[in-house]
Amino acid sequence: MTIALVLAALLAVVCVVVVALPFLREPETRSDAIDEPDAIGRRQLELAERRDRALAALKELEFDHRTGKVSDEDYRQLVGPLRREAADALRRLEPRAAAAEGEPVEPAVSNQP
Amino acid sequence: MPELGRAALVVSLGLIVYALVAGAVAAVTRRRRLAVSAQNALTAAFGSTLVASVVLAVALVRHDFALTYVADHTSRALPTVYALSAFWGGQEGSLLLWLLVLTGYGALAVWLNRRRARDLVAWVVPVIAGVATFFSFLLVGVASPFQTSPAPVDGAGLNPSLQNPYMVAHPPLLYLGYVGLTVPFAFAIGSLLSGRADERWIVATRRWTLVAWTALGIGQLLGAHWAYQEVGWGGYYAWDPVENAALMPWLASTAYLHSVMIQEKRGMLKVWNVVLVSLAFCLSIFGTFLTRSGVINSIHSFTQSSIGPWFLGFICLVTAFSIGLILHRLPLLRARTQLESLVSREATFLYNNLLLVALCLTILWGVSWPIITEAVHGEARVVGRPYYDFFLRVFGLPLLLLMGIGPLIAWRRASLRGLGRIFAGPFAVMVVVGAILVALGAGSSTPGLVAYTFSAFVLATIVLEFARGTRARRALSNESWPAAFSSLIGRNRRRYGGYIVHAAVVLLAIGVAGSSAYQHVTDKRLAPGQSLAVGGYTLTYRKLEERTRANATEIRALLDVRRGTHELGPIKAGKNAYSSGPSTEVGIRTNYLTGEDLYVIAEDIGDDGTVQFRVFVKPLVNLIWLAGLVFLLGSVTAMWPDAREERRLALRYREVGAPSMQTR
Amino acid sequence: MPRRRSPARLVIALSIAAVLAIFLLYTSIAGGGTPAISPSQLAGHTGTVQLGGVVVGPVTGNARAGGKRFRLRDQKGPTTVRVVYRGTVPDPFRIGREIVVDGRVRDGTFVARPGSMVTKCPSKYTAKPKGQ
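Presented here is an overview of the structure given in this document. (Residues numbered from 1 in each chain as written. Chains lettered and ligands numbered in written order. Predicted model: local features only at pLDDT ≥ 70, side-chain atom pairs only at ≥ 80, totals over all residues. Heavy atoms only, no water.)

**Side note on the overall build of chain A**
Each helix and strand in chain A was counted, giving three helices and zero strands. Written out in order from the N terminus, the α and β elements of chain A read α-α-α. Here chain A holds 113 residues, and 40% of them are scored as buried. Once local pairs closer than 6 in sequence are excluded, the contacts in chain A between residues at least 24 apart make up 71%. Summed over its atoms, the accessible surface of chain A is roughly 6300 Å², and 60% of this surface lies on carbon and sulfur atoms. (Helix = DSSP H or I, 4+ residues; strand = E, 2+ residues; numbered from the N terminus. Buried < 20%, exposed > 50% of the residue type's maximum accessible area, 1.4 Å probe, protein only. Contact = heavy atoms within 4.5 Å. Areas by Shrake-Rupley, 256 points an atom, 1.4 Å probe, with all protein chains shown as cover.)

Structure below.
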């Protein structure tokens with residue numbers, strides 16, 4: 001009975017310590033704000049997602065074309081708007097994309113959707 | 001030791017409530033240290049729940065009958081592995097398992113995303129904690145596994161017919177599935193709460209949903225196999241409310257897995273996806289409510305307990321909260337893109353969703369019908385098997401066909417002429433197969449024939465997809481066929497893993513169609529020496545054998561099986577007589593080449609040595625179990641980590657300066 | 001070229017309507033299910049019902065020849081009714097067990113539909129579906 005109580009007390013203490021850990025480690029801190037993207041960062045993320053989506057769609061279209069699922073004429077019809085979309089998304093991200101290391105994603109000519 | 005268990009559960013409750021409150025405050029006021037503290041609390045809650053679980057497990061193994069739960073569900077003679085499986089054998093223990101898995105999943109999900117989605121995780125923690133609060137509260141206040149009473153000399157024991165490997169595997173797998181659906185739900189709700197319009201929640205929970213969905217699917221197949229092999233009434237699914245309780249969230253998750261692809265590719269259906277993931281989660285809670293509350297006349301139900309109203313209240317709360325939040329954030333979720341063409345992959349996915357959700361809701365309606373009619377008319381009414389079978393066919397068969405159509409249509413828009421070219425081959429296969437089947441006599445069942453021909457169509461499209469892809473890969477890289485094949489799959493795991501899963505579903509459809517629409521059954525009472533004929537087999541009853549074991553007397557009727565002129569050997573079927581009652585042990589003879597089963601039930605063994613037999617011939621039934629293995633293979637392929645994808649994601653987040661954790 | 005929204009939304013709406021129509025059509029033709037009642041509520045039910053109750057002895061007869069005969073009692077009440085059943089008898093069947101059978105009343109006896117017996121095992125985690 002007493003062992004159980006001792007263990008329970010130990011458990012409670014450990015849990016309290018774990019919970020208090022962030023405050024114990026940094027009693028005073030410069031910034032207590034959650035590290036999150038600001039409005040610009042959020043917009044950039046959405047744009048990046050849009051760009052990746054457009055590029056992925058292009059890759060998938062080429063893959064489908066190569067495997068014969070999309071006919072030549074269908075491909076011609078579809079590829080134009082997709083390329084425009086991708087270019088547009090890339091353009092909007094330009095300032096950031098230029099700062100990143102070179103080509104952000106794999107070249108579009110791989111057969112990887 | 002029960003004091004330690006009780007204390008640990010109280011500590012868990014405290015930690016979880018702290019995680020809920022502190023986490024919510026931290027998310028709203030954007031306080032970092034408090035958010036991390038709440039996150040730690042969730043992890044600590046897992047630790048504390050684990051302590052409680054270990055206490056219960058040890059008590060079960062050591063036959064500590066001072067614990068009411070142990071006394072109710074185990075006995076001294078019970079083998080250790082089944083004593084352990086009694087952990088989830090009763091109300092309180094299964095609630096503890098649920099909480100354990102939930103806190104474990106929660107801690108893991110939050111930890112895995114601590115860098116990439118810091119601000120999102122800040123909201124996910126209180127949501128998971130909110131769900132966990134409910135279960136934790138039940139365990140502390142309403143259904144404690146650590147209740148003690150004067151210890152009896154020996155426990156009540158586990159029903160002998162539950163002492164089989166299925167009891168060890170089936171419930172935990174189902175729980176991994178049910179509880180796993182909480183994670184995508186929490187991330188979706190967290191994303192809504194944080195007011196973000198990005199897709200990080202989908203990226204973060206993609207594999208979680210797959211894992212939960214797979215566990216739920218395999219768990220159900222195990223349950224079906226259990227019913228077929230051990231319970232022995234000749235079937236594998238009875239549309240019992242508890243069986244449906246697992247099927248409904250599985251169907252909703254299947255719909256979600258497809259529609260989330262549309263959001264990824266086109267940015268559409270954001271509202272629909274959040275609705276679906278909430279539906280899947282609510283159905284998982286509803287499912288466990290059905291199993292426990294005894295509110296529906298089911299052979300699976302627990303004792304009529306007081307726990308039902310609590311669950312009902314929780315479900316209403318969660319549903320209301322989800323609906324309210326979705327409505328509130330509706331402007332955020334409105335997509336800019338819309339459906340361009342009705343002949344596109346998006347459109348087929350939409351139809352797939354419609355059919356899956358329709359099937360899910362009709363099952364929900366059928367399950368709830370007794371409750372509704374009782375409330376409205378004062379008299380409960382039940383729907384029978386024909387209701388479920390009808391809708392399974394009406395919604396399921398078109399779904400089967402769609403599985404073959406969807407992958408062949410391009411995104412956005414497909415021209416009809418291009419479609420004609422693509423579908424010509426599989427369509428031809430379908431017609432030829434159909435003609436052959438009719439010639440072989442499959443026309444006796446229209447739904448069966450339709451299922452078979454649709455399956456042929458889908459299989460043809462899947463084979464073509466693999467072939468075309470491999471050929472294209474070869475053209476690019478000049479590899480050999482096998483190398484091209486494996487690199488094709490390696491580079492497109494989700495797509496081809498998905499195709500393998502589709503193949504599994506087709507196998508399942510063929511197995512179900514064969515064993516239900518084309519089965520043969522005969523009932524006959526035989527004296528030794530007499531025979532019966534069924535489905536091309538002739539069975540001759542020879543004699544009865546009796547064997548006495550430690551806890552049972554085994555009686556078996558021995559029969560010789562003959563097919564045409566071939567002697568196929570003996571088969572045994574009979575009963576085990578336990579102290580608590582008899583249990584049927586069926587005899588199954590599997591033809592591994594055709595997948596056909598000869599299924600013998602010795603229903604009644606007379607004192608005069610005559611036996612009442614019920615014999616089934618079930619064509620293709622073993623395809624169902626094979627489908628389970630293929631399903632697992634496909635799912636694992638689809639969820640296998642992809643280094644390329646990981647790099648791309650890391651790059652994306654680095655580019656936009658998303659939150660990353662410096663070593664603090 | 002962005003299309004007008006109507007066609008896609010219209011088709012989706014029509015599909016949902018079609019699904020609902022199928023559902024309503026089926027339920028109106030097939031009826032609203034079978035009443036699930038206990039022996040005390042049998043009076044006035046002439047059609048097929050699902051009867052649930054506790055098995056009361058004596059149990060006589062053979063389910064395969066002539067029918068198994070027993071009485072079924074309300075879960076919480078004294079009313080009993082005579083039952084005759086043919087077909088597969090699930091293993092857990094015994095006096096004191098809760099069962100469910102489909103059937104109708106004929107001349108004061110509840111004649112069960114063959115093979116429709118299902119037993120409940122409320123005190124354990126799972127009992128098994130039998131019959132059907």
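**Re the sheet that holds strand β7 (residues 581–585) of chain B**
All names here are of chain B. If you trace the five strands from one edge of the open sheet to the other, you get β3-β4-β5-β6-β7, paired in antiparallel fashion. Two strands lie at the open edges of the sheet, namely β3 (531–534) and β7, each paired on one side alone. Pairs of neighbouring strands in the sheet enclose a mean axial angle of 30°, with direction left out of account. Relative to β7, strand β6 (residues 566–578) is paired through five bridges, and the arrangement is antiparallel. (Pairing = 2+ DSSP bridges. Axes fitted to C-alpha atoms, helices over the stretch in contact; angles between N-to-C directions.)

**Some words on the side chain of R53(A)**
Mapped onto the elements, R53(A) comes out in helix α2 (residues 39–66). Among the residues examined, R53(A) registers a relative accessible area of 18% and is labelled buried. Within the structure, R53(A) has its side chain in polar contact with the backbone oxygen of E264(B) (distance 3.1 Å). The residues contacting R53(A), other than those within four sequence positions of it, are E199(B), Q263(B), E264(B), K265(B), R266(B) and G267(B). (Polar contact = N/O pair within 3.5 Å; in protein donor to acceptor, adjacent residues only side chain to side chain.)

**Comments concerning a nonpolar patch on the surface**
Side chains of I3(A), L7(A), L10(A), V14(A) and M1(B) sit close together on the surface and give an oily, nonpolar patch of about 460 Å² of accessible area. Here V14(A) lies in helix α1 (residues 2–25). (Patch = residues over 30% accessible without salt bridge, like charges linked within 9 Å, V, L, I, M, F, W, Y side chains within 5 Å. Salt bridge = Lys/Arg side-chain N within 4 Å of Asp/Glu carboxyl O.)

**What to know about the interface of chain A and chain B**
Each partner contributes to the interface: chain A provides 59 residues, whereas chain B provides 73 residues. Note on chain A versus chain B: buried area summed over both sides is about 5800 Å², and carbon and sulfur give 55% of it. Inspection of the chain A/chain B interface yields 10 salt bridges. Taking the shortest distance from any N to any O, the salt bridge between K265(B) and E60(A) comes out at 3.0 Å. The interface formed by chain A and chain B includes 14 residue pairs in polar contact (both at pLDDT 80 or more). Residue assignment for the side of chain A that touches chain B shows that the elements contributing at least two residues are α1, α2 and α3 (72–99) of chain A. (Buried area = accessible area lost by both parts, 1.4 Å probe.)

**Brief notes about the environment of V140(B)**
All names here are of chain B. Structurally, the position occupied by V140 is in helix α6 (residues 118–142). Under the relative-accessibility criterion, V140 is labelled partly exposed at 33%. Other than its neighbours up to four places away in sequence, V140 contacts L9, V10 and L13.

**Focus: the nonpolar core**
All names here are of chain B. Residues F135, F311 and I363 are the most contacted members of the largest nonpolar core, which totals 202 residues. For this core, the element with the highest residue contribution is α6, accounting for 15 residues. Not counting residues within four places of it along the chain, the set of residues in contact with F135 comprises L95, W98, L99, L102, I285 and F311. Counting residues in hydrophobic clusters, the runner-up holds 18 residues, among them L526, Y537, L539 and A602. (Core = buried A, V, L, I, M, F, W, Y, C linked by side-chain atoms within 4.5 Å.)

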